[in-house]
Structures are given as structure tokens and as C-alpha cells.
Amino acid sequence: MGATAVQHSFSGHETFPFRYPWLKKGFDAVREDPGVFLRDDAITTLGVGKNMVRSIRHWCLTAGVLAESRDGGGALRPTDLGTLLLADDGLDPYLEDPATLWLLHWQIASNRARATTWFWTFSHFHEPEFTRETLSAALYRWTQTLPGKRVAESSLKRDVEVFLRTYVPSRHSRRDIVEDSLDCPLVELGLILQPGGGQAYQFRRGAQRGLPDGVFLYAVLCFWERFSPTAETLALHDLARQPGSPGRLFKIDESSLVERMEDVEKQTDGCLSYGETAGLRQLYRRKRLDPNQVLAEAYAIGGRRR
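Residues numbered from 1 in each chain as written. Predicted model: local features only at pLDDT ≥ 70, side-chain atom pairs only at ≥ 80, totals over all residues. Heavy atoms only, no water.

Focus: the overall build of the protein chain
If you tally the helices and strands in the protein chain, you get 14 helices and seven strands. Expected size for 306 residues packed as a compact globule is a radius of gyration near 19 Å; at 20 Å, the protein chain falls within 12% of this value. Overall size of the protein chain, expressed as C-alpha extent along the three principal axes, is 60 × 45 × 45 Å. By residue count, 50% of the 306 residues in the protein chain fall in the buried class. Residue pairs in contact within the protein chain that sit at least 24 positions apart in sequence constitute 63% of those at least 6 positions apart. Put simply, the protein chain shows about 15,100 Å² of open surface, and 49% of that area lies on carbon and sulfur atoms. (Helix = DSSP H or I, 4+ residues; strand = E, 2+ residues; numbered from the N terminus. Rg over C-alpha atoms; globule rule 2.2 N^0.38 Å. Buried < 20%, exposed > 50% of the residue type's maximum accessible area, 1.4 Å probe, protein only. Contact = heavy atoms within 4.5 Å. Areas by Shrake-Rupley, 256 points an atom, 1.4 Å probe, with all protein chains shown as cover.)

Pasting the structure below:
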């Protein structure tokens, strides 16, 4: 694969959105045994079925709390973010703070290689209202433009189903097995709505008042590093509209982005500042910030917008 090639994936989750205990469960198991997911007794260790073992592995990698071992072979290792967040003395090992749900949404939706449907839908799909069929069809048309092997339409439909279940609460019947009817934690963010309980969906766009400043700033720094790592300025337009940007993935309107930017100098002790010169609105970087340090400080002060 060439250096400029972009990976895409429309599977790995075994048709399960992740559940509250899964990331901590997978993280703890790998700390104990880096090869746990390679073992036949992983179902006993993790206390779930074989398909869920694979799903836990997928979501831990997609959320960036685990990474593949540098020496190959299939073993995994905790990442710095995983340790910061999910260690027993971490920032929020049991996902009790709403800030963590925004953070995990960012981690997953920005992971183009492992969660392509998530990245593409938030970044490129702009219909004001849509059904799972129209979303699947649009995604399928886009995959036709990708190099390499064609993606099966049935795989995309399953992926879209899991994508929607990540953000939209399910309708439970009395016959559902309790474990099978547990919603994904990201449902709580309300980023995708189903008006009137019908077949149509829509994104909830706007200021996203529940999104903490610290998590937003973390996302800005991560995006800056991917989009233009050596630049000391970042245009507001790019922050709002580029694929994989905080504006796209959090569905924040541009005026609300400006509002957040106006506080950034105070939040970062002058490391970043925002200005408008000759009609150009941009962020300026005077000193590099460590995104994980920004997160740690955000949780220390409560992590929420005040």
C-alpha cells in the first residue's frame, strides 16, 4: 500500500455498536495480557460470546484506547489516551462523565480507516433528512469511486444499521433479551434524531452546548495535527468545513465555532489565539499543546462548558 493510500473499513463490529462496559473491559484485559484477543479462552476472560469478543477488539481499536502492537503478530497495547481515560485511576474509566461520550464520538467518527461510514456520513453527507436506504445508497455510490475491491452493498447496509444504532435509541420489545437491547452510550448525545419515531432521521446541528470546551479543544488540536501539522495558523473555514473537522463531526454551525474561538486564548493561557484580519478568520498557534494534557486539565476542572 502506497504512503498516500487511505484505508477503508465497513466491518469489524460484528453488527454490534459498543456498550458501556466494553472499552474498559477490553482495555483491562489487554493490560493483563496483550495477546488476550488471540486466545480461544477470550470468551471466558471477557465474559461475552465470540462475536462480541471481536466487536470489543474492534471498538477499542476504533476509539483509540488500544493499538496494535508495534512488533505485529496481533497482540494489542494500551494507548496513552486509553491509559489516561480508562485506567482504574484514569479520568473516567466507567464513562460516567458526558464529556467522555463526546470524546469517544470524536475518536470514532474521525477514524476514517476503521469507521469509514462514521467518518463519511458526518463529513460528507449533508441531506437535511434521510432514511437508512438513502444513506446506504449514497454511501454505496461513494464507495464505487474508491480504488481496489468493490464493497458489497449488503456489507454497507449492515454498517449503516450499526452506525444508526450508535446514535439512535432502539425500540425495545418485551421479548428482547436484556443484553441485546442495551443502547450504545453515544445515544445520549442526541446527535441523530428520529422525528416522530418515523423512518426518517436528521442530524442535530447547532451550538452543541453539551460539548465541553476541553474536549472541543482536544478535537481542534487533533484535527490540526492531521490536516496541517506544520502550519502555525488554521483557518476557521477549515475548522468548520473540512472532512473530519470539528465543525463537521460535531455538527457545530460556524457562528458557534466563532463563539468558542473567542475564548480560546484565555483557555490556553495564550498558546492559541483567534483573530480576524482582512476578512480572514483564523487560529494562531504561539506554542504547541499536548492534546492529552488539555484533556487531563479539562476533566480536572469539570470538563464542561460554563
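Having put the structure on the table, let's press on.
Description of the sheet that holds strand 7 (residues 280-285)
Judged by pairing direction, the sheet is antiparallel, and its three strands sit side by side in the order 5-7-6 without closing on themselves. The open sheet terminates on both sides in strands that have one partner only, identified here as strand 5 (233-235) and strand 6 (272-277). Mean inter-strand twist for the sheet, computed between neighbouring axes without regard to direction, equals 30°. Bridge analysis of strand 5 against strand 7 gives three bridges, and the strand direction is antiparallel. Residue pairing in the sheet places A235 in a bridge with Q282 of strand 7. (Pairing = 2+ DSSP bridges. Axes fitted to C-alpha atoms, helices over the stretch in contact; angles between N-to-C directions.)

Comments concerning the side chain of T117
Among the structural elements, T117 can be located in helix 6 (residues 116-124). In contact with T117, other than residues within four places in its own chain, are F10, L139, D159, V160 and F163.

A short note on the environment of E129
With respect to the helices and strands, E129 occurs in the loop between helix 6 and helix 7 (132-143). Along the chain, E129 and P195 lie 66 residues apart, while their C-alpha atoms are 9.8 Å from each other. If sequence neighbours within four positions are ignored, E129 has contacts with A200, Y201 and Q202. There is a polar contact of 3.2 Å between the side chain of E129 and the side chain of Q202. (Polar contact = N/O pair within 3.5 Å; in protein donor to acceptor, adjacent residues only side chain to side chain.)

Here we look at the pattern of salt bridges
Counted by the stated rule, this structure contains 14 salt bridges. The residue R54 makes a salt bridge to E14 at a minimum N-O spacing of 3.2 Å. Of this pair, R54 sits in helix 3 (residues 50-62) while E14 sits in the segment before helix 1 (22-32); the two residues are 40 residues apart in sequence, bridging distant segments of the chain. Of the charged contacts in the structure, one is a salt bridge between R281 and E254, with a shortest N-O distance of 2.7 Å. A residue pair is termed long-range when its members are at least 10 positions apart, and R281 in strand 7 and E254 in helix 12 (residues 254-261) qualify at 27 residues. A residue is classified by how much of its surface remains accessible, and R281, at 30% relative accessible area, is partly exposed. (Salt bridge = Lys/Arg side-chain N within 4 Å of Asp/Glu carboxyl O.)

Observations regarding the packing of aromatic side chains
Tallied over the entire structure, the rule returns 16 aromatic pairs. Note on W59 and W118: the rings are 5.7 Å apart at their centroids and 75° apart in plane angle, and the pair reads as edge-to-face. Of this pair, W59 sits in helix 3 while W118 sits in helix 6, placing them 59 residues apart in sequence. Across from the ring centre of F203, 4.4 Å away, lies the NZ or CZ of K251, which sits over that ring. (Phe/Tyr/Trp six-rings, centres within 6.5 Å; stacked < 30°, edge-to-face > 60°. Lys NZ or Arg CZ within 6 Å of the ring centre and 35° of its normal.)

Description of unusual backbone geometry
Both trends apply: most residues other than glycine have a negative phi, and most peptide bonds are in trans. Despite not being glycine, T15 shows a phi value in the positive range, around 70°. Position of T15 among the secondary structure elements: in the segment before helix 1. The exposure class assigned to T15 is partly exposed, which follows from its relative accessible area of 34%. Of note in this structure, L95 is not a glycine but carries a positive phi near 55°. Examined against the element boundaries, L95 turns out to sit in the loop between helix 4 (80-86) and helix 5 (98-109).

Quick word on the packing of helix 1 against helix 3
At their nearest, the axes of helix 1 and helix 3 sit 9 Å apart, and the two run at 90° to each other. The orientation of helix 1 with respect to helix 3, classified from their angle, is roughly perpendicular. Contacts between helix 1 and helix 3 involve W22, L23, K25, G26 and F27 from the first element and M52, S55, I56, W59 and C60 from the second. In terms of residue class, the contact of helix 1 with helix 3 is built from seven nonpolar, two polar and one charged. (Parallel < 35°, antiparallel > 145°, perpendicular 65-115°, else oblique. Nonpolar A, V, L, I, M, F, W, Y, C, P; charged D, E, K, R; others polar.)

Structural notes on the nonpolar core
Burial of nonpolar side chains together is a common tendency in soluble globular proteins. Counting residues in each nonpolar core, the largest one holds 91 residues, and the members touching the most others are F18, F37, L66, F122, L186, I192 and L283. In terms of residues, this core owes the most to one element, helix 9 (residues 213-227), which gives 10 residues. Apart from residues no more than four positions distant in its own chain, L186 is found in contact with F18, L101, L104, H105, I108, T166 and Y167. (Core = buried A, V, L, I, M, F, W, Y, C linked by side-chain atoms within 4.5 Å.)

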